[in-house]
Amino acid sequence: MKIAIPVAGNQLCLHFGHCERFAMIEVDEEQKTILNVEYVDAPPHQPGLLPPWMKERGVNLVIAGGMGARAIEFFNQLGIQVLVGASPDVPENIVKAYLDGTLKTGQNVCDH
């Protein structure tokens, strides 16, 4: 499984479409371990660009602070699950919490 997290600085960026880069984290769901972490620069912001861009990179899940409803729908149409409402933290900590079943998510901080 591959999880993508939008990043600004070294933490989750609350606004998905305006991040600097993405942490692409490969995990073993059964063993609940991180296999590989790669940081990839975000492409220029364009509506509709990120879902197919993520699909091409093998992403299965996006964990974000906030994301617009249309973007979530587009990801879901491509078979990519989206979790919103995550708090800023180092991507590896977010993924470890997800794998352990302890990731807390709140409201979607995006209102469009």
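Residues numbered from 1 in each chain as written. Predicted model: local features only at pLDDT ≥ 70, side-chain atom pairs only at ≥ 80, totals over all residues. Heavy atoms only, no water.

**Student:** Which residues make up the overall build of the chain, and what values go with them?
**Tutor:** Helix and strand counts for the chain stand at 3 helices and 6 strands. In terms of overall dimensions, the chain is globule-like: its C-alpha atoms have a radius of gyration of 13 Å, near the 13 Å expected for 112 residues. On the principal axes, the C-alpha backbone points of the chain span a range of 35 × 30 × 25 Å. Within the chain, the fraction of its 112 residues that count as buried is 38%. Total accessible area on the chain stands at roughly 6200 Å², and carbon and sulfur atoms take up 47% of it. (Helix = DSSP H or I, 4+ residues; strand = E, 2+ residues; numbered from the N terminus. Rg over C-alpha atoms; globule rule 2.2 N^0.38 Å. Buried < 20%, exposed > 50% of the residue type's maximum accessible area, 1.4 Å probe, protein only. Areas by Shrake-Rupley, 256 points an atom, 1.4 Å probe, with all protein chains shown as cover.)

**Student:** Just give me the short version of the side chain of Lys2, but keep the residues and values in it.
**Tutor:** Secondary-structure assignment places Lys2 in strand S1 (residues 2-8). Buried charge without a salt bridge: Lys2, with Glu26 as the nearest opposite-charge side chain at an N-O distance of 4.5 Å. Among the polar contacts listed, one links the side chain of Lys2 to the backbone oxygen of Arg57, at a separation of 2.8 Å. Discounting chain neighbours no more than four positions away, the residues touching Lys2 are Met24, Ile25, Glu26, Arg57, Gly58, Val59, Asn60 and Leu61. (Lys, Arg positive; Asp, Glu negative; His and termini not counted. Salt bridge = Lys/Arg side-chain N within 4 Å of Asp/Glu carboxyl O. Polar contact = N/O pair within 3.5 Å; in protein donor to acceptor, adjacent residues only side chain to side chain. Contact = heavy atoms within 4.5 Å.)

**Student:** Can you lay out the pairing of strand S4 (residues 33-41) for me, pointing to particular residues and giving the numbers?
**Tutor:** Bridge count between strand S3 (residues 21-28) and S4: 8 bridges; the pairing is antiparallel. Looking at S4, one finds that Ala23 is bridged to Tyr39. Linking two consecutive strands that pair antiparallel, namely S3 and S4, is a turn of 4 residues; a positive phi of about 55 degrees is found at Lys32 within it. (Pairing = 2+ DSSP bridges.)

**Student:** Any details on the nonpolar core? Residues and values, ideally.
**Tutor:** Ranked by size, the top nonpolar core spans 19 residues in total, and within it Phe16, Phe22, Met24, Met54, Val62, Met67 and Phe75 carry the most contacts. Secondary-structure elements contributing two or more residues to this core are S3, helix H1 (50-56) and helix H2 (69-77). Apart from residues lying up to four places away in sequence, Met24 is in contact with Lys2, Ile3, Ala4, Asn36, Val37, Glu38, Val40, Trp53, Met54, Arg57 and Val59. Counting 13 residues, the second largest nonpolar core, distinct from the first, contains Ala23, Ile25, Leu61 and Leu99. (Core = buried A, V, L, I, M, F, W, Y, C linked by side-chain atoms within 4.5 Å.)

**Student:** Account for helix H3 (residues 91-100), with residues named and values stated.
**Tutor:** Among the residues making up H3, those that are buried are Pro91, Ile94, Val95, Ala97 and Leu99. Against S1, strand S2 (11-12), S3, S4 and strand S5 (61-63) lie the buried residues of H3. Following H3 by one or two positions, Gly101 has its phi on the positive side, about 80 degrees.

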